[in-house]
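# Descriptive analysis of the structure
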Amino acid sequence: MMYRPFGNSACQTSVLGLGGAALGGDLFYVDEKEALRTLAIAMERGITFFDTADIYQMGVSERLIGRAFRHQRQKVFIATKGGARFTPLGTAALRLRPLLRPAAPLLKPFKKRLLRAKNSQRQTDFSDRHLTDALHSSLARLGTDYVDLYQLHHPSREVLRTCEYQKTLGRLKREGKIRFIGVSCDSVEDALVALSNPELDAIQLRISMLDQRAISALIPESNRRGVAVIARQPLGRGLLTDASSETKAERLESGNAGYDQRLAHARALRFLATDSRTMAQSAIRYLLQVPGISLVLIGMSSLDHLQEDLGALDAPELNAREIARVESIVRGT
C-alpha cells in the first residue's frame, strides 16, 4: 500500500480508500459476516481510509464499520456524511426491505425501477439541528466519539454558496467531534463553489477516465489551497470493468443524455486490459498516476472485486503512449 498526505495536514491516508455504500448488502443480498471479513481484509492489506454515510443501508454501513474497528480506532481514518435523508415514505419503504428479501428473486426484473424510485425519495437538510443530530447519531452507530472527516452529502450549489453550514461544522470541530470538514459534490461546478470556504479540508467528487474535467478544472486549485481531493467512482459506475452483466451505470444512466457516448468511450478504452492488468485495475492505476489526487475510493460489492481492485497497486503503470491514447479517446481528438 502507498500513503499520501491528506491535503495540507500532517495526517496520511492510504491511496486507496474503501467506500461503504454497499456495505452489508441491499434488498437483493445481505451478508454482514462477509462485510466484516471484507473490512478486515482491507485493513490487513493496508487500507486505512473508510468512507460511509448515515443513509447507507439506513445506518447499517456505519454500524458495521464501527464493529469492525472498535478495538483499532486509532489505526483507521473514518469518513462519513450527513445532510441527506429519505422522505417519510422512503424511510417506511426501506424499513420493509428485510420482509421483502425472501421475494427478491421475483423483484429482480424491477431492479432498475426500484433503484430509481429509492433515489427519488431522497431529500437534503443542512440545518444546524439536522447536521448536529445526524453527526451524533453517526457517532453512536460508529461507536466512536469523533469522525476523522465529516462531509456534506451532495449539497446544492446554493447551500455551498451561502456557507451557512460552516457555523455548525466549525462548532462541532471545535468540540472535537470532527477532525476535518469536507463536501461530497455532484459536479465540478459545485466543487469549485465549495472551495470558497476557507475552512474546507476535503472535496469528494466523481473522477475517472470517463470523468476527467476535475483533473484540469479543480485539482490544481484544490492543491493550491491544501484541500484533499477524494476520487469516487473510479470505474465509471462499472463501465470501466470487464463486467458482462448489467452495471450500475446501465441501471442509473441508460437513457440519459451522454450515456451512449460514455459507453462507447468505455468500450474503446478496453485496450488497456492486458494479461498483467484488468480493465478495473487499469482505471484505478490511471487515477493513481494523476498528480494531486489524495486517494481513490474503491467499492466493495464483493470480496473478489476488492481483491481485484487492490491488485491495481501491483499492476503495471500506464505508459505515456497509453495515457495519450486514453486522452485522445475521451476528448475525441
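Reference entry: report on the structure contained in this document. Everything numeric here is computed off the predicted structure, so don't read it as measured data.

## Notes on the overall build of the protein chain
Regarding its fold elements, the protein chain presents 17 helices and 12 strands. Counting over 333 residues, the protein chain shows a buried share of 52%. When contacts within the protein chain are restricted to residue pairs at least 6 apart in sequence, long-range pairs at least 24 apart make up 79% of them. Here the protein chain displays about 15,400 Å² of accessible surface, and carbon together with sulfur accounts for 51% of that area.

## Thoughts on the pairing of strand 3 (residues 16–19)
Along strand 3, one buried face is formed by Leu16 and Leu18 and the opposite face, lined by Gly17 and Gly19, is buried too. Where strand 3 meets strand 12 (residues 295–298), three bridges bridge the pair, whose relative direction is parallel. For Gly17, the partnering residue across the bridge sits in strand 12 and is Leu297. Here strand 3 pairs with strand 4 (residues 49–51) via three bridges, running parallel. Following the sheet pairing, Gly17 is matched in strand 4 by Phe49.

## Structural notes on the packing of helix 1 (residues 32–44) against helix 2 (residues 60–68)
Contact pair helix 1 / helix 2: the axes reach a minimum separation of 10 Å and the direction vectors enclose 55°. By the angle between their axes, helix 1 is oblique relative to helix 2. Read as a crossing pair, helix 1 and helix 2 show a hand that is right-handed. Across from Glu32, Ala35, Leu36 and Leu39 in helix 1, the residues of helix 2 making contact are Val60, Leu64, Ile65, Arg67 and Ala68. Residues belonging to the contact of helix 1 with helix 2 are distributed by class as follows: seven nonpolar, no polar and two charged.

## Examining the packing of aromatic side chains
Here the structure, examined in full by the defined rule, presents six aromatic pairs. Aromatic side chains Phe6 and Phe49 sit 6.3 Å apart centroid to centroid with 35° between the ring planes, which places their arrangement in the tilted category. Here Phe49 lies in strand 4 and Phe6 lies in the loop between strand 1 (3–5) and strand 2 (12–14), a separation of 43 residues in the sequence. For the pair formed by Phe6 and Phe49, the shared burial category is buried. With 4.5 Å between their ring centres and 45° between their planes, Phe50 and Phe69 make a pair best called tilted. In this pair, Phe50 sits in strand 4 while Phe69 sits in the loop between helix 2 and strand 5 (77–82), placing the two residues 19 residues apart along the sequence. Residue Phe50 shares its accessibility class with Phe69, and that shared class is buried. The structure contains a cluster of three or more aromatic residues connected by ring pairs, namely Phe6, Phe49, Phe77 and Phe180. One residue, Arg73, lies across the ring of Tyr146, its end atom 4.1 Å from the ring centre. The lysine or arginine in question, Arg325, covers the ring of Phe271, its NZ or CZ lying 3.9 Å from the ring centre.

## Remarks on the sheet that holds strand 11 (residues 228–232)
Spatially, 3-4-5-8-9-10-11-12 is the arrangement adopted by the eight strands of the closed barrel, whose pairing is parallel. Taken over all neighbouring pairs, the strand axes of this sheet differ in orientation by 25° on average, direction set aside. Pairing between strand 11 and strand 12: two bridges, direction parallel. In the strand pairing of strand 12, Ala231 is matched with Val296. Of the strands in this sheet, strand 8 (147–153) and strand 9 (178–184) touch helix 9 (residues 165–174), which is tilted by about 155° from strand 9.

## Notes on the layout of surface pockets
Quantified by volume, the second largest pocket comes out at close to 290 Å³. Around the second largest pocket, the lining is made up of 14 residues, and of these Asp54, Ile55, Met58, Ala84 and Arg85 lie nearest the centre. Ranked by residues supplied to the lining of the second largest pocket, first place goes to helix 7 (residues 128–142) with five residues.

## Comments concerning the pairing of strand 10 (residues 202–206)
Judged by how many residues are buried, strand 10 sits mostly within the fold: four of five residues are covered. Pairing analysis gives three bridges linking strand 9 to strand 10, with the strands arranged parallel. When the bridges of strand 10 are listed, Ser184 appears paired with Gln204. Relative to strand 11, strand 10 runs parallel, the two sharing five bridges. Among the inter-strand pairings, Ile203 is bridged to a residue of strand 11, identified as Val229.

## Describing the environment of Arg206
Mapped onto the elements, Arg206 comes out in strand 10. Its relative accessible area of 29% is what places Arg206 among the partly exposed residues. Along the chain, Arg206 and Pro234 lie 28 residues apart, while their C-alpha atoms are 7.2 Å from each other.

## What to know about the side chain of Arg232
Looking at where Arg232 falls in the secondary structure, it is placed in strand 11. Buried Arg232, no salt bridge; nearest opposite-charge side chain is Asp186, N-O distance 4.4 Å. Of the polar contacts made by the side chain of Arg232, one reaches the backbone oxygen of Cys185; its length is 2.6 Å. Apart from residues no more than four positions distant in its own chain, Arg232 is found in contact with His154, Ser184, Cys185, Asp186, Gln204, Leu205, Arg206, Ile207 and Leu297.

Reading the values: rules and limits
Residues numbered from 1 in each chain as written. Predicted model: local features only at pLDDT ≥ 70, side-chain atom pairs only at ≥ 80, totals over all residues. Heavy atoms only, no water. Helix = DSSP H or I, 4+ residues; strand = E, 2+ residues; numbered from the N terminus. Buried < 20%, exposed > 50% of the residue type's maximum accessible area, 1.4 Å probe, protein only. Contact = heavy atoms within 4.5 Å. Areas by Shrake-Rupley, 256 points an atom, 1.4 Å probe, with all protein chains shown as cover. Pairing = 2+ DSSP bridges. Axes fitted to C-alpha atoms, helices over the stretch in contact; angles between N-to-C directions. Parallel < 35°, antiparallel > 145°, perpendicular 65-115°, else oblique. Left-handed = near helix turned anticlockwise from the far one by under 90°. Nonpolar A, V, L, I, M, F, W, Y, C, P; charged D, E, K, R; others polar. Phe/Tyr/Trp six-rings, centres within 6.5 Å; stacked < 30°, edge-to-face > 60°. Lys NZ or Arg CZ within 6 Å of the ring centre and 35° of its normal. 1 Å grid on protein atoms, 1.4 Å probe; cavity = no way out; pocket = protein on both sides within 12 Å on 5 of 7 lines; lining within 4 Å. Points joined across faces, edges and corners; volume = space filled by probe spheres on them. Lys, Arg positive; Asp, Glu negative; His and termini not counted. Salt bridge = Lys/Arg side-chain N within 4 Å of Asp/Glu carboxyl O. Polar contact = N/O pair within 3.5 Å; in protein donor to acceptor, adjacent residues only side chain to side chain.

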